[in-house]
Amino acid sequence: MGQITLSDIQRAYGNVKVLHDINLDIADGEFVVLVGPSGCGKSTLLRLLSGLDKPTAGRIEIDGKDVTQVSAADRGLAMVFQSYALYPHMSVRQNLAFGLENIQMPKAEIAERITEAARMLEITDYLDRRPGQLSGGQKQRVAIGRAVVRNPTAFLLDEPLSNLDAELRISTRAEISALHDRLKTTMIYVTHDQVEAMTLADRIVVMRAGRIEQVGRPLDLYNTPANLFVAGFIGAPRMNLLPVKIAEAGPQSVRVEGAGGLSIMVAADGSALQPGTDATLGIRPHDIRTGTGGDGSFTATVDLMEALGPETVAHATTDDGQKILAVLNGQDTTKAGDGISFAFDAGRTHLFDAEGQRLPPPRT
Amino acid sequence: MSRVAEFLTRRRGGSGWDWTDIFTWVWLIAGIFVMFGPAVWLVLSSFKTPAALAEFPPTVLPMATEQVMVEGYDNPLELYSVSMPDGSEQVLAQVRRVGTIAQMVDPDAPDEIVKVNIAERTPQRRVAFATENYVVPLEQNDFLLYLRNSVFVTVMATIITLLTNSMAAFALSKYRFRGRDGVMLLIVATLMVPLSVILVPLYSVVNAVGLFDSLWGVILPTVATPTGVFLLRQYMLTIPDELLDAARMDHASEWQIYWRIILPLAAPALAVLAIFSIVWRWNDFLWPLVVLSRKELYTLQVGLNTYAGELNVQWHYILAMTVVTMIPVVLVFVFLQRYITAGIAGSGLK
Amino acid sequence: MATRSISSRIGAVLAAPVIWLARLLNLPLKWWQGMTGTGGMAAFFLAPNMAIFGIFVLLPLVINFAYSMTSGQALFLSDRSYVGGEQYARLMDCGNYLDPTTCREDLFWIALRNTALFVVVQVSMMTVVAMITALILNREIRGRGFWRAVFFFPVLLSPVVVGLIWRWILQREGLLNFILYNVGLEPHVWLTDRFYSFVATVGVSVWAHMGFYTLILLAGLQAIPRDLYEAAEMDGTRAGRVFWRITLPLLMPNLLVVIVLALIRAVQIFDEAYVLTGGGPGTSTLYLTQYIYEVGFASLLRNPGLAAAASIIMGLILVVLTLIQLGLGRRNEKAGERK
Ligand SMILES: Nc1ncnc2c1ncn2[C@@H]1O[C@H](COP(=O)(O)OP(=O)(O)OP(=O)(O)O)[C@@H](O)[C@H]1O
Ligand SMILES: [Mg+2]
């Protein structure tokens, strides 16, 4: 079992609050990814979960038991650290065995578990080496192996891939995913790389400045980001966020207008809005095409066209100086300095109010 | 020969010699004589007999006059080379000396006594090491006792220093608690308090806790070295905290973290401290001099000083014992010099 | 390589009982950790060191002040009678501060004067000799490690050994006189001459410790980037100018450390000088620490209170020197930041 509940968790260092009222339910076997910009409190939250740190307020439950004051060792969790934190003076085998020896596990069982984990992670060949004699990817596997042999109720992983080069990161990512499928143990994974989050997670928790901004399945976050922060954070390249004004607002639809002749009717519940107030219209670069034939369109001046072959990335600026990024299908001959007209569909837009919150769906 | 010259004269840039090169080599060569010379002289002298020690001018190598057993005499006689009146050189054994006249015999014709003016004869000598200078004091109980005391003090003090200092350094580098900075400040502030400043009250404190005139009284005041704590703490700060967190997740108790993780990882710093502690404690003089009063508790340094202060200074024994006292330090120097120089260059430790 | 395996083997032997002890301690300490949390463990780790430190360093430091305000021969503070500043007054009781013979504690003033003289002469000699040696060792000479070892060698010798070696060499029929005799100079009885015995204590302590300061200076020299010298060479700068304009300014932090450390050590001179000359002839090599030692322990008319007062005056001198060092260090840091 590995069901975890966080209620009203707070953490302060002196007078500085770094976590504000975190509430989160994690189901058994779930792969949850915490993402957010640097310094938003991801590691802090993970350390509170692990028991290495204690929250200033709030409750942590594992499988229904309150463990808020239980020490790290007795929570039955295992952690994989960003810098691997392998004991440099011990061989790989001793690294794996250390935690098991500490709970007086019989030698035979320790050996068995190590063999099993080493086989699974393909580190059998270097069991007798020291961490200093391993490559980054091998160290990473050993670090994961050290967690696996513990047979924990949940894995906590703090940016485990951030020290690997790009290629290794992709393959190790796949391995972690496969490991989760095999073990079916709860995993809580911290990263600030949203590609990792999207590919690995059952559910993503987006954090900012010590608060949870949104929790949801990867595609839900992508398709219906709850606010401007999530909209900007999830998805690469970043969503275009155009400042617009509310022209008409009703419970079924809202019409907004912006620079470059932009005017579009979006299906949303705008009954709380006043015409003339500010709003933000979000359009992902992949949802823009050239021409005028969509639900909405606007004009801009091209700054740069990057031809990648199958697609073309257009950097442009609207009349009011707003930078626009569009990923156009195929190849395009427009040159820098030329005018261009962009079109898009209403169904692919995201409308946020002046506070940056997504407008609710149209009332039915 | 020319290759040797080339080797010796090779220098930066390859152009000719200037005065700085000459000065460099003069300084270095003089350095060898001035720095090594005295110690070498000490070792050579320590193998001389009392008679040879009293000689002036002294010989470089320890020499002894050759002796032979001559028929008809109970004791061995000293051999001299004598210039005979007829101008020839002859080797004779001296029976006795009366004023400026020596009575000598030819070892091959022991019956005939030859009278020779002492200016006409020079001793037949060869290199000989007077090892009895070493053997006699080592057989006397005193010196062995001193040796044992010194070893005991050095080993115990070093072990306790390593243990207590590393524990304190661990607490000061890896825990956050109230007053930590205060403790650190206190330790740094006393880095500069030398023994001579607290000599009198320390003596009374040691008396009060009943350690006067005991080896533990020599050991304990020296072990809480601020230098050691400071050095180890600086080193432990470089050990990542994540490693300790990993160990905590691995069910290690704080004590296990200390001795399974911290101690092995701090081994280089511990080694440096151990070397220094050994040299310090072995060489300590003033404090043992103050605290030890029974002769059988003296350390080598105190014992040596006492011997050298006696009215009738027996240099042949003192020199030999000085050499013995020097041996451990010379061994440390030969094998571990690299660590020591690195330690000094890195932290100004002494 | 060989050293490594030897030291690791020694290490293993020494470690065995420690490991055994550590295992034994684990259970009770786990219990203690459970009772008090990690904070309690911090206290546990600090306790032994701080207890020893408190009893044998801090406590004496504090009661030294009390001690210096009492009189009599009794050992324990409680048995001693309070006299206030009398001991200090006694030390300071002088007709003319420049003339020790007019002082009540003339020995103290003689020791103070000797120490001051010793400090000035020894530190300047030490600095110059160490500097020259460091500069030479920093050149590209063959076997630099060997030469460094040559000059470092006496540092590890015990002061008693150093004193005895030189007593042996400087005695009437010693090596030095033999050498002088051979080159046709006049031999002396060095250690019974007021002037020469002072010179001997200075020279011997420079001999014994210069290697240490040379190392510090050498470390500083080696930290000066090579390209600075190469640039100077490209400009055709003369060697002397390179030294004054590049080497010396960049070496200043290390040089200051050397000077202040040497000062602090020189003020405390005792062991070598005591073994070499015993303070004599007369009082010509009587230094402060020996004065404290003799007044406190050795003489028939022991006066621990007076010794404590003298040691506090010595402590004050050291505090001032240390503060100067800290001040200079800070100024250096600031200068470094500005660069
Ligand atoms: N020991 C501490 N004392 C004071 N502040 C701390 C401490 N640890 C973390 N913080 C602060 O808490 C905030 C959250 O830190 P945390 O390490 O959780 O960020 P993070 O989201 O993991 O960032 P990153 O992606 O860079 O790892 C930061 O602002 C940090 O400065
Ligand atoms: Mg982090």
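Counting starts from 1 at the beginning of each chain's written sequence and moves along it residue by residue. As they are written, the chains are lettered A onward and the ligands numbered 1 onward, keeping that order. Per-residue local features of the predicted model are confined to residues with pLDDT of at least 70, and side-chain atom pairs are confined, for both listing and counting, to 80 or more; whole-chain, interface and lining totals are unaffected and use all residues. Side-chain numbers here rest on the full set of heavy atoms in the structure, without hydrogens or water.

The name an unreviewed UniProt entry assigns to chain C is Sugar ABC transporter permease, from the organism Paracoccus aurantiacus. Turning to chain C, the UniProt annotation filed under Sequence similarities (unreviewed entry) states: "Belongs to the binding-protein-dependent transport system permease family." UniProt positions are given in the numbering used here, feature names are shortened, and annotations may be inferred rather than shown by experiment. What UniProt states about chain C under its Subcellular location (unreviewed entry) heading is, verbatim, "Cell membrane".

Per an unreviewed UniProt entry, the recorded name for chain B is Carbohydrate ABC transporter permease, and the organism is Paracoccus aurantiacus. Recorded in UniProt for chain B, the comment headed Subcellular location (unreviewed entry) runs: "Cell membrane". Its UniProt record gives chain B a comment under Sequence similarities (unreviewed entry), which states: "Belongs to the binding-protein-dependent transport system permease family."

### So, the overall build of chain B
Counting its regular elements, chain B contains 15 helices and eight strands. In this description the radius of gyration comes from C-alpha coordinates, and the expected globular size is given by 2.2 Å times residues to the power 0.38. Computed over C-alpha atoms, the radius of gyration of chain B comes to 30 Å, more than 25% over the 20 Å expected from 2.2 N^0.38 for 350 residues, which places it beyond the range of a compact globule. Its C-alpha atoms put chain B at 100 × 65 × 40 Å along the principal axes. Three labels apply to residues, based on accessible area from a 1.4 Å probe with only protein chains included: buried if under 20% of the type maximum, exposed if over 50%, partly exposed otherwise in between. Per-residue burial for chain B yields a buried fraction of 51% across its 350 residues. Contacts between residues were defined by any pair of non-hydrogen atoms, one from each residue, lying within 4.5 Å. In chain B, 63% of the contacts between residues at least 6 apart in sequence involve partners at least 24 apart. Looking at chain B as shown, the accessible area adds up to about 16,100 Å², and 61% of this sits on carbon and sulfur atoms. The positive charge centre, built from 24 side chains, and the negative charge centre, built from 28, are 14 Å apart in chain B. Secondary structure elements follow DSSP: runs of H or I no shorter than four residues count as helices, runs of E no shorter than two count as strands, and numbering proceeds from the N terminus. In short, Shrake-Rupley with a 1.4 Å probe defines the accessible areas, and a residue's cover is counted only from the protein chains shown. Only four residue types enter the tally: Lys and Arg on the positive side, Asp and Glu on the negative side; His and the chain ends are excluded. A single reference atom marks each charge: NZ on Lys, CZ on Arg, CG on Asp, CD on Glu.

### Overview of the sheet that holds strand S19 (residues 339-344) of chain A
Spatial strand order, S15-S19-S16-S17-S18 (chain A): five strands in an open sheet with antiparallel pairing. Edge positions in the open sheet fall to strand S15 (289-290) and strand S18 (323-329) of chain A, since each of these has one partner strand only. Any two strands with at least two DSSP-identified bridges between them are counted as paired.

### Notes on the sheet that holds strand S12 (residues 253-258) of chain A
All names here are of chain A. Within the open sheet, the five strands sit side by side as S13-S12-S11-S14-S20. Their pairing is antiparallel. Taken across any chain shown, the strands that pair with only one partner, and hence form the sheet edges, are strand S13 (262-267) and strand S20 (349-352). Ignoring which end each strand starts from, the neighbouring axes of this sheet average 40° apart. Bridging between strand S11 (residues 240-249) and S12 involves four bridges; their strand directions are antiparallel. Counted as the bridge partner of glutamate 248 is arginine 255 from S12. To obtain an axis, a line is fitted to C-alpha atoms, over the contacting stretch when the element is a helix, and the angle between two such axes runs from 0 to 180 degrees between their N-to-C directions.

### Quick notes on the site of ligand 1
Residue and element names in this part refer to chain A. Around ligand 1, a shell composed of Tyr13, Val18, Ser38, Gly39, Cys40, Gly41, Lys42, Ser43, Thr44, Glu159 and His192 is seen. Taking cysteine 40, its main chain carries an N or O atom lying 3.2 Å from an oxygen atom of ligand 1. Distance and chemistry together define a polar contact, namely a pair of N or O atoms within 3.5 Å, with one atom able to donate a hydrogen and the other to accept it when in protein, and with adjacent residues in sequence counting only for side-chain atoms on both sides. The separation between an oxygen atom of ligand 1 and a polar side-chain atom of glutamate 159 is 3.1 Å. The protein chains hide 60% of the 630 Å² of surface that ligand 1 would expose on its own. Among the elements that make up the shell around ligand 1, the one with the highest residue count is helix H1 (residues 42-50) (three residues). Note that Gly is not counted as nonpolar here; it falls among the polar residues with everything else outside the nonpolar set of Ala, Val, Leu, Ile, Met, Phe, Trp, Tyr, Cys and Pro and the charged set of Asp, Glu, Lys and Arg. Classifying every residue of the shell around ligand 1 gives three nonpolar, six polar and two charged. Nearness is defined per residue: one heavy atom within 4 Å of the molecule or strand is enough.

### A word on the interface of chain C and chain B
Listed per partner, the contact involves 99 residues of chain C and 101 residues of chain B. Throughout, buried area stands for the accessible area (probe radius 1.4 Å) lost by two parts on being put together, summed over both. Contact between chain C and chain B buries roughly 9,400 Å² in total, counting both sides, with carbon and sulfur atoms accounting for 79%. For chain C, the biggest contributors to the area lost against chain B are Phe45, Phe56 and Trp168 of chain C; these three give 9% of the whole. A carboxyl oxygen of Asp or Glu within 4 Å of a side-chain nitrogen of Lys or Arg is what we treat as a salt bridge. The tally of links between chain C and chain B comes to one salt bridge. The shortest N-O distance in the salt bridge between aspartate 21 of chain B and arginine 139 of chain C comes to 2.6 Å. Our enumeration of links across chain C and chain B arrives at nine residue pairs in polar contact (both at pLDDT 80 or more). With 30 residues, the top contributor of residues to the side of chain C that touches chain B is helix H1 (residues 2-67) of chain C.

### Focus: the UniProt feature "domain: ABC transmembrane type-1" (unreviewed entry) in chain C
The feature "domain: ABC transmembrane type-1" (unreviewed entry), as annotated in UniProt, sits at residues 112-325 of chain C in this numbering. In residues 112-325 of chain C, the share of helix is 76% and the share of strand is 0%. The end C-alpha atoms are 22 Å apart.

### Overview of the pattern of salt bridges
Considering all chains together, one arrives at 28 salt bridges over all chains under this definition. With its nearest N and O atoms 2.5 Å apart, the salt bridge here joins arginine 47 of chain A to aspartate 245 of chain B. Of this pair, arginine 47 of chain A sits in helix H1 while aspartate 245 of chain B sits in helix H10 (residues 241-249), on two different chains. What makes arginine 47 of chain A partly exposed here is its relative accessible area of 22%. Here glutamate 257 of chain A and arginine 255 of chain A are joined by a salt bridge, their closest N and O atoms 2.8 Å apart.

### Focus: the UniProt feature "transmembrane region" (unreviewed entry) in chain C
All names here are of chain C. Feature annotation in UniProt assigns "transmembrane region" (unreviewed entry) to the following positions: residues 6-29, 41-67, 116-137, 149-169, 195-221, 242-264 and 306-329. End C-alpha atoms of residues 41-67 are separated by 36 Å, and the span's content is 100% helix alongside 0% strand. With 71% helix and 0% strand, residues 149-169 has its two end C-alpha atoms placed 22 Å apart.

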